[in-house]
Amino acid sequence: MRAAVLEEFGQPLVLRDLAVADPGPHEVLLHTAAVGLCHSDLHYMQGMRKIPLPGVLGHEVSGVVAAVGAQVRDLQPGDHVVGALSVFCGMCHQCLGGRFALCMDTEVKQPPGQARRLAHGGRPVSQVFNLSGFAAQMLVHRNALVRIRKDMPLDRAALLGCAVITGTGAVFRNAQVPAGASVAVVGCGGVGLAAVNGAAIAGAARIVAIDNVPAKLALARRFGATETLLASEGDVVARVQELTQGGVEYSFECIGLPATLEQCFRMLQPGGTATIVGLFGPGVKASIEGSEFFLEKKIRGSALGSARIREDIPRLVELYLQGRLNLDDMVSRRIRLDDINEGFAAMARGEVARSVVVFDGVGA
Ligand SMILES: NC(=O)c1ccc[n+]([C@@H]2O[C@H](COP(=O)([O-])OP(=O)(O)OC[C@H]3O[C@@H](n4cnc5c(N)ncnc54)[C@H](O)[C@@H]3O)[C@@H](O)[C@H]2O)c1
Ligand SMILES: [Zn+2]
Ligand SMILES: [Zn+2]
């Protein structure tokens, strides 16, 4: 099957014909329907985090079940599914505590290089994020998948698996934004727009969207932003404080830069919470003014918005079908697998919310 393979860090992906294994007892083979291009993929392509190469990225996926392993009782061929990188075992300390996104069972959540599901010319190819969605087929653990309604469009469903579950989960599960709250979202790509949308669904009164690309700010209004700020025009923190009379109650960093992490902490009013969603390379540090902790400001991380995929993905599908979750405006471009490198170039230029690779005929 055709796949876009990362063979060298810093180089474009290369289209190859890969072999995919047969499903093991707890595995499911999928025809990939759609896969979104996430900035985390780009971080890995650029070598921010090293993985054994060659490898196949892509972790924002939807698909149609082609075959199931002998022990898979609750999925069957033809089912429509969303995949998420937070595959879980259901039995470890983290899973039993309800923190499925932090499952550390390496039999189920296999580090890149461990799984032997993909091969090229007889040599193993790393499965990254336990999914490897930049490919026409995927062989994955059953607990990476959630069945969805068949009337949910599969191209938009793919976005639920990363950007949307992360951005909305940061609001609903991590920060637990209450109705009437004031919120700022720094970075309005796929993840940040989903956070803006989540804040609107939660009933936040003020939602300040911040980005350094004007088109992203116009888009953020369609997701529920009440105010927008162009990051390049002056002091972001001072302007947020001025707009909100002393700072926001909740801020969300959706880029992955020390400077914007620091901004997110400083723009809080006393007692506020900054949720850091952006991904940082190993060793990257940010600086926080210690005296601000006396103001009971809080800062916290987020792994996929602490997703509980089997609860959250069907709920997000309902919210979309009711017209309350905006996925239509998040798909900026539908592209083919052959055009994936141009898709990442458009992301790097800040042009798109999301480009989504669609595979013809799957789920149609
Ligand atoms: N914690 C998690 O579980 C998780 C999950 C998914 C993605 N991520 C991370 O979240 C981040 C965002 O991902 P994405 O796919 O939305 O990325 P993206 O590239 O689509 O969006 C980033 C946005 O930030 C804006 N931006 C860049 N520099 C800026 C600056 N200095 N000031 C203001 N705006 C700026 C860009 O214009 C763009 O709109 C990435 O670091 C990604 O790796 C984390
Ligand atoms: Zn992602
Ligand atoms: Zn577990």
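Residues numbered from 1 in each chain as written. Chains lettered and ligands numbered in written order. Predicted model: local features only at pLDDT ≥ 70, side-chain atom pairs only at ≥ 80, totals over all residues. Heavy atoms only, no water.

As recorded in an unreviewed UniProt entry, the chain goes by the name Alcohol dehydrogenase, listed as coming from Pseudorhodoferax aquiterrae. What the UniProt record of the chain gives under Sequence similarities (unreviewed entry) is the line "Belongs to the zinc-containing alcohol dehydrogenase family." Looking at the chain in UniProt, the text filed under Cofactor (unreviewed entry) is "Zn(2+)". (UniProt positions renumbered as here; feature names shortened; annotations may be inferred.)

Participant: Quick question: what am I supposed to make of the pattern of salt bridges here?
Facilitator: Two side chains of opposite charge can pair, provided their charged atoms sit close to one another. Scanning the model with the defined rule gives 21 salt bridges in all. Glu27 serves as the salt-bridge partner of Arg117, at 2.8 Å between the closest nitrogen and oxygen. Highlighted residues: Arg117 in the loop between α2 (93-96) and β8 (118-120) and Glu27 in strand β4 (residues 27-36), separated in sequence by 90 residues. This pair shows no difference in class: Arg117 is buried, exactly as Glu27 is. Residue Glu311 pairs with Arg173 through a salt bridge whose shortest N-O separation is 2.9 Å. Placement of the pair is Glu311 in helix α8 (residues 309-321) and Arg173 in helix α3 (residues 154-175), with a sequence separation of 138 residues. Note on Glu311: relative accessible area 35%, which makes it partly exposed. The structure contains a network of salt bridges with shared partners spanning Asp155, Arg156, Asp328 and Arg334. (Salt bridge = Lys/Arg side-chain N within 4 Å of Asp/Glu carboxyl O. Helix = DSSP H or I, 4+ residues; strand = E, 2+ residues; numbered from the N terminus. Buried < 20%, exposed > 50% of the residue type's maximum accessible area, 1.4 Å probe, protein only.)

Participant: How do you make sense of the coordination of the zinc ion (ligand 2) when you look at a structure like this?
Facilitator: As a benchmark, a tetrahedral metal site with four donors has ideal angles of 109.5 degrees, while an octahedral site with six donors has ideal angles of 90 or 180 degrees. Around the zinc ion (ligand 2), the donor atoms from the protein are Cys38 (SG), His59 (NE2) and Cys162 (SG), and they sit 2.0 to 2.3 Å away. All donor residues of the zinc ion (ligand 2) come from one chain, and their arrangement in sequence is C-x20-H-x102-C. With a gap of 103 residues between them, His59 in the loop between β5 (55-56) and β6 (61-68) and Cys162 in helix α3 connect regions that are remote in the sequence. Just as His59 is buried, Cys162 falls in that class too. (Donors = N, O, S within 2.8 Å, 3.2 Å for Na, K, Ca; no water.)

Participant: Explain the nonpolar core to me, please; I cannot follow it from the model alone.
Facilitator: Side chains that are nonpolar tend, in soluble globular proteins, to be buried together. Phe134, Leu160, Val164, Val177, Phe252, Ile340 and Phe344 are the most contacted members of the largest nonpolar core, which has 107 residues in total. Counting residues per element, this core draws most heavily on α3, which supplies 12 residues. If we ignore the near neighbours within four places in the chain, the residues touching Phe252 are Ala170, Val171, Ala175, Val177, Val183, Ala184, Val185, Val186, Cys264 and Thr275. Core analysis: the second largest hydrophobic core is formed by 17 residues, Leu229, Val248, Cys264 and Phe265 among them. (Core = buried A, V, L, I, M, F, W, Y, C linked by side-chain atoms within 4.5 Å. Contact = heavy atoms within 4.5 Å.)

Participant: Honestly, the environment of His26 in this entry has me stumped. Any pointers?
Facilitator: By the secondary structure assignment, His26 is in the loop between β3 (19-20) and β4. Sequence separation between His26 and Glu107 is 81 residues; the distance between their C-alpha atoms is 11 Å.

Participant: I keep staring at the pairing of strand β15 (residues 248-253) and nothing clicks. Help me out?
Facilitator: In the case of a regular strand, side chains alternate between the two sheet surfaces. The buried count for β15 comes to five of six residues, which makes it a mostly enclosed element. Of the pairings in the sheet, the one linking strand β12 (residues 182-186) to β15 comprises four bridges and is parallel in character. Across the sheet, residue Val186 finds its bridge partner in β15, namely Glu253. Here β15 runs beside strand β16 (residues 268-276); their pairing, made up of five bridges, is parallel. (Pairing = 2+ DSSP bridges.)

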